[in-house]
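The lines below spell out each chain.
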Amino acid sequence: MNGDDDLKIYQNSSEPIYKQIATQLKEQILTGKLKAGDPLPSIRGLAQDLKISVITTMKAYEELSSEGLVTASKGKGYFVNAQDQRMLAEQHMRQVEKALSDAIYSARIAGLGLDEVKQTLEMLWDMDE
Amino acid sequence: MKNAIEIKGIKKKYKDFTLGEIHAEIPCGFATALIGANGAGKTTLIDVLCGVTGKTSGEAVYFGELTEIDSDTLRNKIGYCSSANFFPMDWTLKIIANSMELGFDNFDRTKFAELCRRFKLDEPTAKKQKKLIKLSDGNKMRTYLAAVLARDTELLVLDEPGSSLDPLARDLLCDLFREYLSERDGERSILFSTHNIADMENATDYAIFMANGQVIEQGFVEDLKEKYILVHGDSENADKAKPFMLSCTVNKTSFEGIAFAENADMLRAFDTATEVPTLQQLSVGILRKAEEDGE
Amino acid sequence: MENNKSTLTFSQALKLYTGNSIQKFVLKSVPVTFLAYMATLVCFHILLGLENGIAAAHKEITESLISDMFMMMDCTIGIAIIMTLTFEKRLPGGKFFRTTKGGFDTYKKMRAALSIAIITLVVLYISAVYIVNAVGIFPLSNGFGSCVSTAIFLILAVGINNFAYMIKNDVARSLTNLFVFFVFGIIGILSAEVVDGSLGIFHLIMAIMTVGVVPISHKLMLENYRKNRWDN
């Protein structure tokens, strides 16, 4: 079954497991690895494979569902939604704008100027590559 | 969401202990852990739910419609197993298989033999049969599990299944839980009791906490992990933080405890760090509070 | 509360609880008890024979009540051992039995099957002893009369011990069982001796009483058990 072959979870990470799963599946959907109409593994099957509780996989799927990435089909499981690439790009752009606005707000409180913020941005960008 | 069991006000009065009234749900399709200290009433509740013990008052609704535990339909659906002395000690695998077949309609001998092999027990059809009394506690428990899992049930009710198993076996037990739930996707449920949830967290979906014969908290694990937070700080701030916490342990240099997530901001003012608690940490916090309240 | 009806037969109920059907039970217990009787007598022959020779020992054993007594005692011990079988909730298996199909009805059938097995044991065992007596190997002093009388009183004792089952303390109960069997067994032997083996009205009355007492005490025992010890 697609998707769960390369899902990796870290038990001792500070990030909740359901978030780790949701993030990885989201990436697979957005990069096209999981295509529209593809079924996600059953929540209990996935829980079995990853050795975690059923409620955790369920929560991960519910989060994906609330973001419009997948839809639950009664009795049949979760399926990947067709992703409107342009709308997604807009959505992500909005998230970037919000994050930057938050950063600017905090910068002003801390008394940082635009140049310092730009420097920090470049440093972080490089670190993330 | 459907419930495998809906517990409506069940009460059981003994001479020196009263269970109840209990109001709780065992959600369908998930593994529910009944967590509490020894003497909290977990075994009594399980006994009442499975028909081992009669109740004083109250009702339990099974699978949304059945209410009488003394009925073969329901008894066939429920796979009950205790942790010690489940079968007479002079019984062998052969006798166990025979009695299980007589006692229930859905016992599968082939599956039983398979499970015995998988759990590294003897063959139920071997010529030389070993009596249960000669087995280690761990192997006794494996035998009981093989017997109950060889039945096609809809609800597994296990009373302290992990208590006589080593950590590796407990890990295997978690795998068995997931396997059981996965086989009839969504239609099967598990209820198990434990006084130590530590290594069974990863197979627990719903938790019910008990103390002094009462249910003190219940909920889906993921929801509980959002409702509560784990707080650490330096011991000099312990007294300031305590009023906002459920309970905490203080040692020479630091303190740690559980608090409601809504108090997170308040607590951060006392130079503390907060994080998502594990079910084990939650249990300690919630049960400790119950103990302190009871005094 | 509706009482669940068990779909098992009496023999199946017994097999569920003990691993043995009624037939198996009887097949296992009769030869053992009978051999115990034969072994007891042989031992006694040797013991007494050490003094006066085997022939004299044989005469003494068969013309006195010694062989009758042993017939009764070995049977008593056999039954008493079977009657120590108990299925309390706190004992191993107790919880398992209370969750099987049929619930208490299965338990009732098991108890009935157990009584049937015990009574069958008594009848077959004493028949075997009678045959050994009739062909002259180990004659009893009152032959047929002794056998019938002992059988009647031992079965009556089974009935009386149903009442004793209500004793909660395991040790007290087992001792009471043993005591009742011995007392009734001795009465069985002595009552046959008193009439020199020709049983009459007294024994007929005792037989009728037995047929009444056994089922009634059985029913009362079950009611008491259900109320006080099944699912408390």
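Note that the structure is a prediction, hence the values are computed from the model and not measured.

Student: Any details on the nonpolar core? Residues and values, ideally.
Tutor: Membership of the largest hydrophobic core comes to 175 residues, with the highest contact counts inside it found for Ile21(A), Phe87(B), Phe112(B), Tyr37(C) and Tyr107(C). In terms of residue count, the dominant contributor to this core is helix H6 (residues 103-134) of chain C (13 residues). Those residues in contact with Tyr37(C) that lie beyond four places of it in its chain are Ser67(C), Phe70(C), Met71(C), Asp74(C), Tyr125(C), Val129(C), Phe138(C) and Leu140(C). Grouped together as the second largest cluster of nonpolar side chains are eleven residues, Val231(B), Cys248(B), Phe255(B) and Ala264(B) included.

Student: Pulling in residues and values, what's your account of the pairing of strand S5 (residues 78-81) of chain B?
Tutor: Each regular strand carries side chains that alternate between the two faces of the sheet. Residue and element names in this part refer to chain B. Of the two faces of S5, the one holding Ile78 and Tyr80 and the one holding Gly79 and Cys81 are both buried throughout. With four bridges connecting them, S5 and strand S6 (residues 155-159) associate as parallel partners. The partner of Ile78 across the bridge, within S6, is Leu155.

Student: Help me get a handle on the side chain of Asp47(B), residues and values and all.
Tutor: Mapped onto the fold, Asp47(B) is located in helix H1 (residues 42-50). Here Asp47(B) falls in the buried class, since its relative accessible area comes to 6%.

Student: Go over the domain arrangement of chain A, please, and point to the residues and values.
Tutor: Here chain A is partitioned into domain 1 (3-80) and domain 2 (85-127). Placing a centre on the C-alpha atoms of domain 1 of chain A and another on those of domain 2 of chain A gives a separation of 29 Å.

Student: Go over unusual backbone geometry with me, naming the residues and quoting the values.
Tutor: All names here are of chain B. Here the residue pair Gly20 and Glu21 is connected by a cis peptide bond, since its omega of 5° sits within 30 degrees of zero. Here Glu21 is to be found in strand S2 (residues 18-27). A positive phi is found at Lys120, a non-glycine position, where the angle reads about 60°. In this structure, Lys120 sits in the loop between helix H4 (109-118) and helix H5 (137-149). In the Ramachandran plot, Asn212 falls in the positive-phi region, its phi being about 50° despite a non-glycine side chain. If you trace the backbone, Asn212 turns up in the loop between strand S8 (206-211) and strand S9 (214-220). According to the relative accessible area criterion, Asn212 is exposed, its value standing at 56%.

Student: Requested: an account of the side chain of His218(C), with residues and values cited.
Tutor: All names here are of chain C. Mapped onto the elements, His218 comes out in helix H9 (residues 201-230). Relative accessible area serves as the criterion here: at 13%, His218 is assigned to the buried category. With residues near it in sequence (within four places) discarded, His218 still touches Lys108, Arg111, Ala112, Ser115 and Asn162.

Student: Any chance you could break down the domain arrangement of chain B for me, citing the residues and the numbers?
Tutor: Residue and element names in this part refer to chain B. Segmentation of chain B into domains returns domain 1 (3-211) and domain 2 (224-293). For domain 1 versus domain 2, the separation of C-alpha centres amounts to 34 Å. Listed as interface residues are twelve residues of domain 1 and, on the opposing side, nine residues of domain 2. Summing both sides of the interface, domain 1 and domain 2 together bury roughly 750 Å²; the carbon and sulfur share of this comes to 75%. Counting the contacts that link domain 1 with domain 2 gives zero salt bridges. Where domain 1 packs against domain 2, one counts three residue pairs in polar contact (both at pLDDT 80 or more). Of all the elements in the fold, those that place two or more residues in the side of domain 1 that touches domain 2 are strand S3 (31-36) and S8. Broken down by element, the residue count for the side of domain 1 that touches domain 2 peaks at four residues, all from S8. Residues that form the side of domain 1 that touches domain 2 fall into these classes: eight nonpolar, three polar and one charged.

Student: With reference to specific residues and values, describe the layout of surface pockets.
Tutor: Its volume calculated, the largest pocket comes out at about 880 Å³. Sorting the residues of the lining of the largest pocket by element identifies helix H3 (93-103) of chain B together with helix H1 (10-18), helix H2 (22-52) and helix H4 (66-83) of chain C as the ones contributing at least two each. Residue composition of the lining of the largest pocket, by class: 16 nonpolar, eleven polar and seven charged.

Student: Go over H3(B), please, and point to the residues and values.
Tutor: Extensive coverage of H3(B) is indicated by the burial of eight of its eleven residues. Considered for burial, the residues of H3(B) that qualify are Leu93(B), Ile96(B), Ala97(B), Asn98(B), Ser99(B), Met100(B), Leu102(B) and Gly103(B).

Student: I'd like a description of the sheet that holds S5(B), backed by residues and values.
Tutor: Residues and elements named next belong to chain B. Sheet architecture is open: six strands sit in the order S5-S6-S7-S3-S8-S9, paired in mixed fashion. The open sheet is flanked by S5 and S9, the only strands paired with a single partner. Each adjacent strand pair in this sheet contributes to an overall mean axis angle of 15°, direction not counted.

Student: Before we move on, could you go through the arrangement of the chains and cite the residues and values that matter?
Tutor: Among two pairs of chains with at least one contact, chains B and C form the most extensive contact set. Separated throughout, chain A and chain C approach each other most closely at a C-alpha pair spaced 28 Å apart.

Student: Go over a nonpolar patch on the surface, please, and point to the residues and values.
Tutor: Residues and elements named next belong to chain A. Where nonpolar side chains cluster on the molecular surface, the patch consists of Met93, Val96, Leu100, Leu121 and Trp125 and spans about 520 Å² of accessible area. Counting only elements with at least two residues in the nonpolar patch, the list comes to helix H4 (85-110) and helix H5 (114-128). Looking at the nonpolar patch element by element, the count peaks at three residues for H4. In this structure, Trp125 sits in helix H5.

About the cut-offs
Residues numbered from 1 in each chain as written. Chains lettered and ligands numbered in written order. Predicted model: local features only at pLDDT ≥ 70, side-chain atom pairs only at ≥ 80, totals over all residues. Heavy atoms only, no water. Core = buried A, V, L, I, M, F, W, Y, C linked by side-chain atoms within 4.5 Å. Buried < 20%, exposed > 50% of the residue type's maximum accessible area, 1.4 Å probe, protein only. Helix = DSSP H or I, 4+ residues; strand = E, 2+ residues; numbered from the N terminus. Contact = heavy atoms within 4.5 Å. Pairing = 2+ DSSP bridges. Domains from an automatic or database assignment. Buried area = accessible area lost by both parts, 1.4 Å probe. Salt bridge = Lys/Arg side-chain N within 4 Å of Asp/Glu carboxyl O. Polar contact = N/O pair within 3.5 Å; in protein donor to acceptor, adjacent residues only side chain to side chain. Nonpolar A, V, L, I, M, F, W, Y, C, P; charged D, E, K, R; others polar. 1 Å grid on protein atoms, 1.4 Å probe; cavity = no way out; pocket = protein on both sides within 12 Å on 5 of 7 lines; lining within 4 Å. Points joined across faces, edges and corners; volume = space filled by probe spheres on them. Axes fitted to C-alpha atoms, helices over the stretch in contact; angles between N-to-C directions. Patch = residues over 30% accessible without salt bridge, like charges linked within 9 Å, V, L, I, M, F, W, Y side chains within 5 Å. Areas by Shrake-Rupley, 256 points an atom, 1.4 Å probe, with all protein chains shown as cover.

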